[in-house]
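# Observations on chain architecture
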Amino acid sequence: MGAALSTASLFLLPSLPSTVPTSLNLLLFTFTWYTLILTHPPLHVELLASAFSRITFFLIPSLLSLVIDTVAPPLAEQAKALGPRALPLNAAGSVAALARVAAWTLGNALFGLTVQAGIETGLEKTGLRTALNVGKTLPLPWDLARGVVWLLFIRSICQYTIHRFLLHPQKATQLSKLHHSWAHSISAPFSLCAGYDHPLPYLLHTWATLYLPAALLHSHVLVYALALALVSLEDAVAYSGTVSCRKSPQDAPCSDAVKRPRILTCPSSAISFPSPHLA
Ligand SMILES: [Zn+2]
């Protein structure tokens, strides 16, 4: 509990009122970081920071969005690019299907953390350095920004390549069939479905595309946590269904797009929206 509070305070310190001097902010941040590092094993710090980013910037906004969509459907459907059909209950098909999406989204997030813990534990037992840098030294603001930009850049390339060539290959494979029958079984996007896929394609496409580059670069855990927070927020917003679809010469109008077995793209990112029942 104490560790969770320390992790939360690390992320919340920069949002202190502007009346608090920046130097005091940095001092408090450094002090909290040292306290966290000195009182907890590196693995706990890494997992807490990762879980905090995913919960705060993806799960909580997605669940809030789901509650709003469910409690006030007339208000929500006006904000949806695809209208009433994009309401989570309509998109999933039934209450049971919606519950399944929510459960698997949570399960996949836990699965990613479990694999991360397994990798770090394995490295620790073999005497190798940890995958992420959980050192006492804090990265300088420029190093933090540069590290995050690199991770996001590498992730974008990896995600596109994996999605295009492994999850949607010319000839269907077991992996692509799993992806189609899970992630593409939802007729319209809503925030929670950003984490909904069979665990294997989820691990490959969503989790590994950020964690493995961070491990290869031996990124500082704060760089990884910040990059994870940004992509989590992007997932929640891009899949919310409130962003208009891009209309290229080849694309059907947004209103017709859900009838067609294609990937819809979002203008704000290269993230693909699920298209209906491709399997
Ligand atoms: Zn896909």
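Figured I'd write up the structure that's included with this text. The structure displayed is predicted, hence computed values, not measured ones.

### A short note on the overall build of the protein
A count of helical and extended segments in the protein gives eleven helices and two strands. Here the protein holds 279 residues, and 39% of them are scored as buried. In the protein, the share of contacts with a sequence separation of at least 24, taken over all contacts with a separation of at least 6, comes to 70%.

### Brief notes about the packing of helix 3 (residues 42-71) against helix 10 (residues 221-238)
Interaxial distance between helix 3 and helix 10 falls to 8 Å at its minimum, and their mutual angle equals 15°. Put simply, helix 3 runs roughly parallel to helix 10. At the point where helix 3 passes helix 10, the crossing takes the right-handed sense. When helix 3 is examined against helix 10, the residues Val 45, Glu 46, Ala 49, Ser 50, Ser 53, Arg 54, Phe 57, Phe 58, Pro 61 and Ser 62 are found in contact with a partner set consisting of Val 221, Ala 225, Leu 228, Ala 229, Ser 232, Leu 233, Asp 235 and Ala 236. Partitioning the contact of helix 3 with helix 10 into residue classes produces eleven nonpolar, four polar and three charged.

### Quick notes on the nonpolar core
In summary, soluble globular proteins display a tendency toward joint burial of nonpolar side chains. Counting 55 residues, the largest nonpolar core has Val 101, Phe 190, Cys 193, Val 221, Tyr 224, Ala 225 and Ala 227 as its most contacted members. Counting residues per element, this core draws most heavily on helix 10, which supplies 13 residues. Apart from residues no more than four positions distant in its own chain, Val 221 is found in contact with Val 45, Glu 46, Ala 49, Leu 132, Asn 133 and Val 134.

### Focus: the environment of Ala 117
Tracing the backbone through its elements, the reader meets Ala 117 in helix 6 (residues 95-125). Placed 71 residues apart in sequence, Ala 117 and Glu 46 show a C-alpha to C-alpha distance of 8.8 Å. Leave out the neighbours within four places in its chain, and Ala 117 touches Leu 43 and Leu 47.

### Quick word on unusual backbone geometry
Note on backbone geometry: most residues besides glycine have negative phi, and most peptide bonds are trans. The residue His 218 is not glycine, and still its phi comes out positive at about 50°. Inspection of the secondary structure assignment puts His 218 in the loop between helix 9 (199-216) and helix 10.

### Describing the environment of Ala 194
Structurally, Ala 194 can be placed in the loop between helix 8 (174-182) and helix 9. Since 25 C-beta atoms lie within 10 Å of it, Ala 194 is described here as buried. Taking C-alpha positions, Ala 194 is 5.9 Å from Asp 235, a pair spaced 41 residues apart along the chain. The contact partners of Ala 194, leaving out residues within four places of it in the chain, are Asp 235, Ala 236 and Tyr 239.

What counts, and at which threshold
Residues numbered from 1 in each chain as written. Predicted model: local features only at pLDDT ≥ 70, side-chain atom pairs only at ≥ 80, totals over all residues. Helix = DSSP H or I, 4+ residues; strand = E, 2+ residues; numbered from the N terminus. Buried ≥ 20, exposed ≤ 12 C-beta atoms within 10 Å, placed from the backbone. Contact = placed C-beta atoms within 7 Å. Axes fitted to C-alpha atoms, helices over the stretch in contact; angles between N-to-C directions. Parallel < 35°, antiparallel > 145°, perpendicular 65-115°, else oblique. Left-handed = near helix turned anticlockwise from the far one by under 90°. Nonpolar A, V, L, I, M, F, W, Y, C, P; charged D, E, K, R; others polar. Core = buried A, V, L, I, M, F, W, Y, C linked by C-beta atoms within 7 Å.

So, to be careful, I would describe these as geometric facts and stop short of saying anything about function.
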